[in-house]
Amino acid sequence: MDHVLTEPTSSFGNKKCSIHKKVLEYYCSEDDTCLCVSCCLVGKHRGHQVELLDEASEKKKKKLRKYLDEVNPQRAEINARIQSLHNHKGKIQEKASEKRKNMNKLFMNIKEQLEIAEKKVLSEISRQEIKMVSKIEDLIKKMEIKVDELSRKMRHMEEICRVTDPIRLLQESDITVCSPGDDEDTGGDVSDDDMADDLEDVLISSILHRSMKDIVTYVTSELGTHVPDILLDVDTAHNYMGLSEDLRTATHLEENQGQPESPGRFQIYCQVLSRCIFSSERHYWEVEWNQIGKWGIGMSYPSIERNGNQSGMAYNDKSWCLILSDKTCSAFHNSVIVIPDVNPTCPTLGVFLDYEAGRLSFYQLCDPIRHLHTFRASFTEPLHVILYVSKGASVNILQ
């Protein structure tokens with residue numbers, strides 16, 4: 001009755017010591033192994049800290065239960081995160097499906113508008129063709145009448161020329177023959193090239209351009225994205241920066257431009273702000289670099305410093321920008337994020353701003369288009385476009 005009982009087992013070998021062939025009754029915590037009484041008294045575990053198997057087992061169970069108490073919340077948190085990701089995945093798929101439907105509808109409308117534009121242009125070409133062909137046909141009829149008249153006169157003159165009686169010949173009335181240039185109704189000398197030039201290509205192009213402009217306006221309206229007309233502010237341009245007459249191109253120049261003093265002018269860095277500001281809605285525009293030197297593009301608060309080190313777009317918390325060269329591309333807002341594998345042969349960038357969502361994204365417009373970086377922020381001031389150019393660099397805001 002005082003024997004220790006265990007559950008029946010078919011492999012009793014693991015209950016005995018492999019060395020002394022005695023029942024395992026103790027546990028050595030130093031070597032993390034089970035022992036028999038001989039191992040404790042005369043074996044290599046003599047003098048080690050040992051305890052009964054039941055006591056060691058209870059301690060391990062207690063340790064495992066504590067671990068379970070710690071792991072269970074972690075597992076629950078991970079499962080919740082997995083579920084959240086599944087939900088997010090479903091929303092993305094749902095949104096993508098809805099976006100596909102919207103894009104299908106958008107392109108169907110674009111096709112309809114293109115067909116309307118095509119009909120307008122072809123109709124205008126046909127109208128001009130009918131007008132010009134009718135004019136030419138009238139001219140041909142008049143000239144054919146003139147040819148018939150001349151032919152009749154020529155026959156009469158030939159008959160007179162066959163008269164042998166000089167008196168009769170001289171008594172015949174004179175026949176007046178008009179030269180081709182004397183009759184305005186014939187239209188004068190008209191060449192095929194002259195008539196071809198009478199098609200009004202400018203009017204045809206104007207109809208096409210207007211139709212395409214309407215389509216672009218429709219697309220940007222449907223996408224909720226405004227394409228701004230960005231002009232650069234001369235009063236903020238550094239003295240070594242030259243601006244084009246249309247105020248869309250900034251170039252680093254060798255000579256000081258001697259611009260008048262202005263509180264908004266950058267003093268150290270060759271930078272310039274845009275005239276327009278953005279304080280709402282979604283906007284998209286594109287810029288092109290001449291692939292010389294280093295340049296930067298971004299957005300800035302009006303309160304950016306104009307002098308000192310922090311006036312540089314890469315060295316403050318009032319601007320969000322990319323600095324690019326033929327070898328590197330980095331994003332700056334208080335810290336530096338290096339963007340790898342930028343295509344140095346692609347000089348055109350697209351910029352997207354969603355002011356309310358606090359999103360500013362940059363795209364390299366190569367094939368395929370590549371997303372470079374997106375800033376996330378809660379904008380607290382209106383934003384200007386800011387440009388930077390180093391020696392030799394030139395940046396153009398595309399229309």
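What counts, and where the lines are drawn
Residues numbered from 1 in each chain as written. Predicted model: local features only at pLDDT ≥ 70, side-chain atom pairs only at ≥ 80, totals over all residues. Heavy atoms only, no water. Helix = DSSP H or I, 4+ residues; strand = E, 2+ residues; numbered from the N terminus. Rg over C-alpha atoms; globule rule 2.2 N^0.38 Å. Buried < 20%, exposed > 50% of the residue type's maximum accessible area, 1.4 Å probe, protein only. Contact = heavy atoms within 4.5 Å. Lys, Arg positive; Asp, Glu negative; His and termini not counted. Charge placed at Lys NZ, Arg CZ, Asp CG, Glu CD. Expected span 1.5 Å × (residues − 1). Core = buried A, V, L, I, M, F, W, Y, C linked by side-chain atoms within 4.5 Å. Salt bridge = Lys/Arg side-chain N within 4 Å of Asp/Glu carboxyl O. Phe/Tyr/Trp six-rings, centres within 6.5 Å; stacked < 30°, edge-to-face > 60°. Lys NZ or Arg CZ within 6 Å of the ring centre and 35° of its normal. Patch = residues over 30% accessible without salt bridge, like charges linked within 9 Å, V, L, I, M, F, W, Y side chains within 5 Å. Areas by Shrake-Rupley, 256 points an atom, 1.4 Å probe, with all protein chains shown as cover. Pairing = 2+ DSSP bridges. Axes fitted to C-alpha atoms, helices over the stretch in contact; angles between N-to-C directions.

## Topic: the overall build of the protein
- Across its full length, the protein holds five helices and 17 strands.
- For 399 residues, the compact-globule estimate of 2.2 N^0.38 gives 21 Å, and the protein exceeds it by more than 25% at 45 Å.
- Projecting the C-alpha coordinates of the protein onto the three principal axes gives extents of approximately 175 × 70 × 35 Å.
- Counting over 399 residues, the protein shows a buried share of 31%.
- Partitioning the contacts of the protein with sequence separation of at least 6, the portion at a separation of at least 24 is 60%.
- Side chains of the protein carry 50 positive and 63 negative charges; the gap between the two charge centres is 15 Å.

## Points about helix α5 (residues 201-223)
- Over its 23 residues, α5 extends 33 Å from the first C-alpha to the last, a length consistent with the 33 Å expected when each residue adds 1.5 Å.
- Every buried residue belonging to α5 is among I204, S211, I215, Y218 and V219, and all of these are buried.
- On its buried face, α5 is in contact with α2 (53-161).
- Backbone geometry just downstream of α5 places G224 in the positive-phi region, at approximately 70°.

## Describing the nonpolar core
- Grouped together as the largest cluster of nonpolar side chains are 38 residues, with contacts concentrated most on W285, I297 and L322.
- Not counting residues up to four positions away in its chain, the partners in contact with W285 are P228, I230, F278, M299, L349, G350, V351, L353 and V385.
- Listed in part, the 10 residues of the second largest apolar core include F266, M313, C321 and F332.

## Digging into the pattern of salt bridges
- Applying the stated rule across the entire model yields eight salt bridges.
- The salt bridge partner of E58 is K61, with a shortest N-O separation of 4.0 Å. Of the two residues, E58 and K61 are both situated in helix α2; the distance of three residues between them amounts to about one turn of the helix.
- Residue E58 is classed as partly exposed on the basis of its relative accessible area, which comes to 46%.

## Things to note about the packing of aromatic side chains
- Summed over the entire model, instances satisfying the criterion amount to seven aromatic pairs.
- Ring geometry for Y301 versus W320: centroids 5.1 Å apart, planes at 80°, classification edge-to-face. Pair noted here: Y301 is in the loop between β9 (295-300) and β10 (319-324) and W320 is in strand β10, with a separation of 19 residues, a long-range link. One exposure class covers both Y301 and W320, and it is buried.
- Centroid distance Y355 to F379: 5.5 Å. Interplanar angle 35°. Geometry classified as tilted. One end of the pair, Y355, is in the loop between β13 (348-354) and β14 (359-364); the other, F379, is in the loop between β15 (370-376) and β16 (384-389), with 24 residues separating them in the sequence. F379 shares its class with Y355; the two are buried.
- The structure contains a cluster of three or more aromatic residues connected by ring pairs, namely Y301, W320, Y355 and F379.
- A cation sits over an aromatic face here: R306 above F266, 5.2 Å from the ring centre.

## What to know about a nonpolar patch on the surface
- There is a patch of nonpolar side chains on the surface, built from L114, L208 and M212 and spanning about 230 Å² of accessible area.
- Inspection of the secondary structure assignment puts M212 in helix α5.

## Considerations on the environment of E70
- In this structure, E70 sits in helix α2.
- Distance from E70 to S319, taken between C-alpha atoms, is 44 Å for residues 249 residues apart in sequence.

## Concerning the sheet that holds β16
- Spatial ordering of the open sheet is given by β7-β16-β9-β10-β11-β12, a layout of six strands whose pairing is antiparallel. Only two strands of the sheet have a single partner each, and these edge strands are β7 (271-273) and β12 (336-338). Looking at each pair of strands side by side, their axes are set apart by 15° on average, direction ignored.
- Here six bridges tie β9 to β10, and the two strands are oriented antiparallel to one another. In the sheet register, G296 faces β10, and the bridge partner there is I323.

## Brief notes about the sheet that holds strand β1 (residues 26-28)
- Across the sheet, which stays open at both edges, the three strands sit in the order β2-β1-β3 with antiparallel pairing between neighbours. Because the sheet does not close on itself, it has two edges, and the strands there are β2 (33-35) and β3 (50-52). Geometrically, the sheet is characterised by an average inter-axis angle of 35° between neighbouring strands, direction not taken into account.
- Pairing analysis gives three bridges linking β1 to β2, with the strands arranged antiparallel. Looking at β2, one finds that Y27 is bridged to C34.
- Across the sheet, α2 touches β1, β2 and β3, and the angle it forms with β3 is around 95°.

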